[in-house]
Amino acid sequence: MSVAQRINEIKNELPASTRLLAVSKFHPAEAIMEAYEAGQRLFAESHVQELMRKQEQLPSDIEWHFIGHLQSNKVKYIVPFISLIHSVDTEKLLEVINAQAQKCDRVIPCLLEIHVAQEETKYGFDFSSAKELLESGRLGVLKNVSVVGIMGMSSVTDDVSQIKREFASLSAFYHSMKESVMPQFRELSMGMSGDYHIAIEEGSTMVRLGTTIFGERQY
């Protein structure tokens, strides 16, 4: 099955409330163009250098998202063009994004990355620290970032009930914050190739799919 066929198949099964983010990391520009020609415009990368290279050589109307661990010293390279940063895992990183965005006269939409998975290696806020930040009012002074939702990853497990619990907890937190202090919340980014059907059931507004669209990565 071609990239275009896979994209059309996935889009046909997504509810209207869920958008498809094509994770193009480690895939060549030709594969991205195949997806682009099938109508896909949202693409995600997780390495700054690879993202910059692709952004320069691919069509200008692509909406680039960053989903990897973002180092503070690399923020300045992506701020001029990035559409959404999914992986804000510290308040300090938000402050750096804000400072760099100010230089470009941009307001950068960001998601707080919430750590719900069992693995120790994953980055992110826990629920209590994210809640404290969102309720504190400290975001009000960061005029060049806009926190528009949260992102999370489930544990790597075959236990469907555990994945469902983790996504349900993210969804409950998202809706709680949206109703209480963050009316601007609009994105609940959760679900990857192995678990996106469960994420959709739990209210994901954006699924991040790589292998399902492009096949296995070419490292």
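Scroll up to find the structure this text is about.
These remarks concern the structure in this document. (Residues numbered from 1 in each chain as written. Predicted model: local features only at pLDDT ≥ 70, side-chain atom pairs only at ≥ 80, totals over all residues. Heavy atoms only, no water.)

### Considering the overall build of the chain
Line of reasoning, step 1. When you go through the chain residue by residue, the secondary structure sums to 9 helices and 8 strands.
Line of reasoning, step 2. A globule of 219 residues ought to have a C-alpha radius of gyration of about 17 Å, and the chain, at 17 Å, matches this closely.
Line of reasoning, step 3. Each principal axis of the C-alpha atoms in the chain carries an extent, and together these give about 50 × 45 × 30 Å.
Line of reasoning, step 4. Out of the 219 residues belonging to the chain, those deemed buried represent 51%.
Line of reasoning, step 5. Entry remark: accessible area of the chain is about 10,200 Å², with carbon and sulfur atoms responsible for 49%. (Helix = DSSP H or I, 4+ residues; strand = E, 2+ residues; numbered from the N terminus. Rg over C-alpha atoms; globule rule 2.2 N^0.38 Å. Buried < 20%, exposed > 50% of the residue type's maximum accessible area, 1.4 Å probe, protein only. Areas by Shrake-Rupley, 256 points an atom, 1.4 Å probe, with all protein chains shown as cover.)

### A short note on the nonpolar core
Line of reasoning, step 1. Of all hydrophobic cores here, the largest spans 63 residues; its most connected members are Leu94, Ile97 and Leu112.
Line of reasoning, step 2. With 6 residues, helix H7 (residues 160-180) is the largest single contributor of residues to this core.
Line of reasoning, step 3. Apart from residues no more than four positions distant in its own chain, Ile97 is found in contact with Leu70, Val75, Val79, Ile85, Val88, Ile108, Cys110 and Val145. (Core = buried A, V, L, I, M, F, W, Y, C linked by side-chain atoms within 4.5 Å. Contact = heavy atoms within 4.5 Å.)

### Regarding unusual backbone geometry
Line of reasoning, step 1. Positive phi, normally seen in glycine, also occurs at Phe26, with a value near 65 degrees.
Line of reasoning, step 2. Note that Phe26 resides in the loop between strand E1 (19-23) and helix H2 (29-37).
Line of reasoning, step 3. Residue Phe26 is classed as partly exposed on the basis of its relative accessible area of 27%.
Line of reasoning, step 4. Unusually for a residue other than glycine, Asp105 sits at a positive phi of about 55 degrees.
Line of reasoning, step 5. Following the sequence through the fold, Asp105 ends up in the loop between helix H5 (91-104) and strand E5 (108-115).

### Some thoughts on H7
Line of reasoning, step 1. Helix length check: H7 (21 residues) gives 30 Å between terminal C-alpha atoms against 30 Å at 1.5 Å per residue, within 8%.
Line of reasoning, step 2. Buried within H7 are the following residues: Gln162, Ile163, Glu166, Phe167, Leu170, Ser171, Phe173, Tyr174 and Met177. (Expected span 1.5 Å × (residues − 1).)

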